[in-house]
Amino acid sequence: MQRQTLIVLAALTLLTTAAPAQQDAPPAQTEPQAQAPQQAQAIDTLLSRFSDNPDRFTQTDGEALYRTTCQACHMEDGKGAAGAGAHPPLAGNPKLMSKHFLAGVILTGYHGMPRFGDQMSDEQIAAVTNYVRSNFGNDFPDPITPDQVSRLRPQENED
Amino acid sequence: MTPFHPSRRQLLAMIGRVAGAGAMYQAMTSLGFAAESGYTGEVALQGPRRGRRVLILGAGIAGMAAAYEMRRAGYEVKILEYQDRSGGRCLTLRGGDRYTEMGGHEIACDFEGDGFFNPGPWRLPVHHRAVFDYCRKLGVQVNPFIIKNNKAYLHSAHAFGGRPQRIGHVEKDMRGHVSELLAKSLNQGALDGAVTAEDREMLLEGLKGWGVLDRHYAYRASDDVGGVRGWDIRPGGGLMPEKRPSEPVDLSALLQSGLWEQLFGFNSYSFEPPMFEPAGGMDAITDAFAREVSDVIQLNARVIRIAQGEAGVTVTYEDGDQGGAVREETADWCICTIPLSVLVQLEVDCSDALRKAIAAVPYASAFKVALEFRRRFWEQDDEILGGISYTDLPLVQIAYPSYGFLSDGPAVLQAAYDTATAGRNFTYSWSTMTPQERIDAALALGRRIHPQYDAEFMSGTSWVWHRVDWSLGCYGQWTEELRDAHYTTLCEIDNRLVLAGEHCSHIPAWLEGSLLSALDAIKRLDQRENA
């Protein structure tokens, strides 16, 4: 189906003749005004938190993945937050003793937490699992491998 | 120009929306986003035969509607609410508002004009008949909400040199080009097996009008096309220059840009024009309910345990007005509208099946950023009066106010918004940012569509639903599999307890879903009471 559509799109493209450039268009995009280099760099760093692809996270590093997903609830310091309901802490959480538990939660979600298995590869799940288990005061000695993540992955998560 | 490489998901969506609406509709219905409202008119309850007390947990629209209707039917009702306000996820921020989110950051809203910001629901489809019926009954004024504005933009960072394109141009050019191609196929006899000779002629004639094709079945600049997609030099008066039609954009450029796909959102039944909004902010709806039932709402009451037996329910809560003293309320029935993400963390007496259902539903990520500007440059410079622009930048969409047109002075844009439903991951990343970082990011991205941001920005505010401790996310993120496994159990009366809210509906995230869930739950309770 995917292949057929690509062919149709390609055919439509070939059939078309070039037309003159559009007019009555909105004002041309202006170049960003000169910003202080430090400020511009801070914005670039901030915007780099977004993935290049909206369908899959593109960060590969465990910390970068944490900063663009987990941090929303578990916070910068991994301590979570509490009120009427709570986002549990990852710092000093005994449940993280099991690397399979943590990787499984990231893959499939847990209670209100959404799953990330369909947006992250086995390598990414392993990287962020290992990051969480070796930071925030955690020091678990047994990293998980992408292969081990792959075996935890439910079949319906395959895309 | 970077070619547009659609993902498999995007391609399937394109096929569904372009070639087979049926398949797409089916998929959307399973998510609940295209569901027709099941509202059949005012609920008719018998009422209890003797004094009966109903304890309702949560003063959102579901809880307040349940209280309103059950009290009218003769039940004694009381609502426990965790927050110091009623309304739940239906809320509006205005200048002077403050909110401390999870993690301790304060969200400030310093709008100086009369602009407002709806972090949750913000527009009403007319087929959400329960919402409209209550607006009518409770005297809520609704105004038109411009959902589609042909002057608003479609934008890709990778197409047309980053210049936004008008929605009307993209839509009409795609229609023109596709009409031309179809006419070409018909004229070459390529579709003779699919249409009769007579139908072929009628179709060709129709395509001429529909796609604005010339007598050679070509879509190209002409006065006729100018009358449909607009002019480079608009018709004037007196001795003004002679009009000149605008030039269509090349088909290949449109296809490669991905802007065509951005149009498909407008096909959704949920976003069919006209849409409406309450005058002055979405909280007008929940404020109207609160006017009816505020006397039975106890604010600052944090539920910690729901116990039940054959005879009734006992709810334990911390009374924030009494220094957190632990208190109990007893009742014959309990209607619990607490979001599942929070409820799963409470001690609840219920069947194992219901406990599993409560634990099964993830809560979707969603966020918004709103910015106030010194003037309505989108109206004054860009001819955009209301509506929404879409982009492939992480801000996803910019919504222009559908109120206060042409006024001088500050005005508020909903400058970034997305939910996890569309499958994009941007909302997670926005949710990791501090309130100040969200404003910085919305400005840095939005100025690529509206360069006036730099000169006109005043202040910003935002909302991240995963940093709200009373919802821990935005709405129940159902899948077809989850519904098959848990939905019926979740909605059934469990001894003396029944759940209600958008999570107990086929219209998740919408006010209508909350209302229908509440109306259905109280109808079943009333039947059980009178069985």
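As a reminder, the structure under discussion sits directly above these lines.
Since this is a predicted model, take the numbers as computed values, not measurements.

A. Quick look at the overall build of chain B. Regarding its fold elements, chain B presents 18 helices and 23 strands. Counting only C-alpha atoms, chain B reaches 80 × 60 × 40 Å along its principal axes. The buried share of chain B, reckoned over its 531 residues, is 60%. In chain B, the share of contacts with a sequence separation of at least 24, taken over all contacts with a separation of at least 6, comes to 70%. Of the roughly 20,500 Å² of accessible surface on chain B, 50% is carried by carbon and sulfur atoms. If the 53 positive side-chain charges of chain B are averaged to one point and the 68 negative ones to another, these points end up 1 Å apart.

B. Geometry of the overall build of chain A. If you tally the helices and strands in chain A, you get 7 helices and 2 strands. Traced from its N-terminal end to its C-terminal end, chain A shows the element sequence α-α-α-α-β-β-α-α-α. In chain A, which comprises 159 residues, the share counted as buried stands at 42%. Contacts spanning at least 24 positions in sequence make up 54% of the contacts within chain A whose residues lie at least 6 apart. For chain A, the accessible area works out to roughly 8,700 Å², and carbon and sulfur atoms hold 55% of it.

C. The arrangement of the sheet that holds strand S11 (residues 275–278) of chain B in detail. Residue and element names in this part refer to chain B. Read across the open sheet, the 3 strands follow the order S5-S11-S6; overall the sheet is antiparallel. Edge positions in the sheet fall to strand S5 (124–125) and strand S6 (142–145), since each of these pairs with one other strand and no more. Sheet analysis places S5 next to S11, joined by 2 bridges and oriented antiparallel. Along S11, the bridge assignment pairs Pro 125 with Met 275.

D. Representation of the packing of helix H3 (residues 61–72) of chain B against helix H18 (residues 511–529) of chain B. All names here are of chain B. Between H3 and H18, the shortest axis-to-axis distance is 8 Å and the interhelical angle comes to 40 degrees. Considering their axes alone, H3 and H18 lie oblique with respect to each other. Handedness of the H3/H18 crossing: right-handed. Counting all contacts with H3, which are made through Ile 61, Ala 62, Ala 65, Ala 66, Glu 69 and Met 70, the residues of H18 involved are Leu 511, Ser 514, Leu 515, Ala 518, Leu 519, Ile 522 and Leu 525.

E. Just the packing of aromatic side chains, in detail. Scanning all chains against the criterion turns up 31 aromatic pairs over all chains. Look at A:Phe101 and A:Tyr110: their rings are 6.0 Å apart centre to centre, the planes differ by 75 degrees, and that puts the pair in the edge-to-face class. Given a relative accessible area of 31%, A:Phe101 falls into the partly exposed group. Within the aromatic cluster, the residues linked to one another by ring pairs are B:Phe373, B:Phe377, B:Trp378, B:Tyr400, B:Tyr453 and B:Phe457.

F. Structural context of the nonpolar core. Core analysis: the largest hydrophobic core is formed by 106 residues, its most contacted members being B:Ile285, B:Ile335 and B:Trp430. Those residues in contact with B:Trp430 that sit more than four places away from it in its chain are A:Phe50, B:Phe367, B:Val369, B:Pro394, B:Leu395, B:Ala416, B:Arg438, B:Ala441, B:Ala442, B:Leu445 and B:Val464. Core analysis: the second largest hydrophobic core is formed by 41 residues, A:Phe116, B:Ile107, B:Phe117 and B:Trp470 among them.

G. Representation of the pattern of salt bridges within the structure. Residues and elements named next belong to chain B. Summed over all chains, the structure comprises 40 salt bridges over all chains. Across the salt bridge formed by Glu 101 and Arg 467, the nearest N and O atoms sit 3.8 Å from each other. Taken together, the residues span a long stretch of sequence, with Glu 101 in the loop between strand S3 (98–100) and strand S4 (106–108) and Arg 467 in the loop between strand S22 (457–464) and helix H17 (480–491) at a distance of 366 residues. The same class applies to Glu 101 and to Arg 467, which are both buried.

H. Spatial organisation of the sheet that holds strand S14 (residues 313–319) of chain B. Residues and elements named next belong to chain B. The sheet built from 4 strands is open, its strands ordered S15-S14-S13-S17 with mixed pairing. At either end of the open sheet lies a strand with only one pairing partner, and these are strand S15 (325–331) and strand S17 (347–348). With 7 bridges joining them, S14 and S15 adopt antiparallel strand pairing. Residue Val 315 lies in a different strand from S15, and its bridge partner there is Glu 329.

I. Here's a closer look at a nonpolar patch on the surface. A grouping of B:Leu385, B:Phe405 and B:Leu406 is seen on the molecular surface, where their side chains present a nonpolar patch of about 280 Å² in accessible area. Assignment of secondary structure puts B:Phe405 in the loop between strand S20 (397–400) and strand S21 (411–419).

J. Summary view of the packing of helix H2 (residues 37–47) of chain A against helix H15 (residues 435–446) of chain B. One way to put it is that H2(A) packs onto H15(B) with a least axis distance of 10 Å and a crossing angle of 100 degrees. Here H2(A) is positioned roughly perpendicular relative to H15(B), judged by the angle of their axes. The residues of H15(B) that touch H2(A), namely those facing A:Ile43, A:Leu46 and A:Leu47, are B:Glu437, B:Asp440, B:Ala441, B:Ala444 and B:Leu445. When the residues that make up the contact of H2(A) with H15(B) are grouped by side-chain class, the tally is 6 nonpolar, no polar and 2 charged.

K. How the structure looks around helix H6 (residues 197–210) of chain B. Across its 14 residues, H6(B) extends 20 Å between first and last C-alpha, which sits within 8% of the 20 Å expected from 1.5 Å per residue. Just downstream of H6(B), B:Val212 is the residue with a positive phi angle, here 55 degrees.

L. Expanded view of the environment of B:Tyr390. All names here are of chain B. Summarising the element assignment, Tyr 390 is placed in strand S19 (residues 387–391). Spatially, the C-alpha atom of Tyr 390 lies 8.4 Å from that of Ala 152, the residues being 238 residues apart in sequence. Residues contacting Tyr 390, with those up to four places away along its chain left out, are Tyr 153, Leu 154, His 155, Gln 262, Phe 266, Val 396 and Gln 397.

M. Fine view of the pairing of strand S2 (residues 76–80) of chain B. Residues and elements named next belong to chain B. Most of S2 is tucked away: 4 of the 5 residues are buried. Pairing between strand S1 (residues 53–57) and S2: 5 bridges, direction parallel. Across the sheet, the residue bridging to Arg 53 is Glu 76, located in S2. Handedness of the β-α-β unit built from S1, H3 and S2 comes out right-handed. As paired elements, S2 and strand S12 (residues 297–298) share 2 bridges and run parallel to each other. Pairing of Leu 80 across the sheet is with Gln 298, part of S12.

Conventions and cut-offs
- Residues numbered from 1 in each chain as written.
- Chains lettered and ligands numbered in written order.
- Predicted model: local features only at pLDDT ≥ 70, side-chain atom pairs only at ≥ 80, totals over all residues.
- Heavy atoms only, no water.
- Helix = DSSP H or I, 4+ residues; strand = E, 2+ residues; numbered from the N terminus.
- Buried < 20%, exposed > 50% of the residue type's maximum accessible area, 1.4 Å probe, protein only.
- Contact = heavy atoms within 4.5 Å.
- Areas by Shrake-Rupley, 256 points an atom, 1.4 Å probe, with all protein chains shown as cover.
- Lys, Arg positive; Asp, Glu negative; His and termini not counted.
- Charge placed at Lys NZ, Arg CZ, Asp CG, Glu CD.
- Pairing = 2+ DSSP bridges.
- Axes fitted to C-alpha atoms, helices over the stretch in contact; angles between N-to-C directions.
- Parallel < 35°, antiparallel > 145°, perpendicular 65-115°, else oblique.
- Left-handed = near helix turned anticlockwise from the far one by under 90°.
- Phe/Tyr/Trp six-rings, centres within 6.5 Å; stacked < 30°, edge-to-face > 60°.
- Core = buried A, V, L, I, M, F, W, Y, C linked by side-chain atoms within 4.5 Å.
- Salt bridge = Lys/Arg side-chain N within 4 Å of Asp/Glu carboxyl O.
- Patch = residues over 30% accessible without salt bridge, like charges linked within 9 Å, V, L, I, M, F, W, Y side chains within 5 Å.
- Nonpolar A, V, L, I, M, F, W, Y, C, P; charged D, E, K, R; others polar.
- Expected span 1.5 Å × (residues − 1).
- Right-handed = clockwise from strand over helix to strand, strands pointing away.

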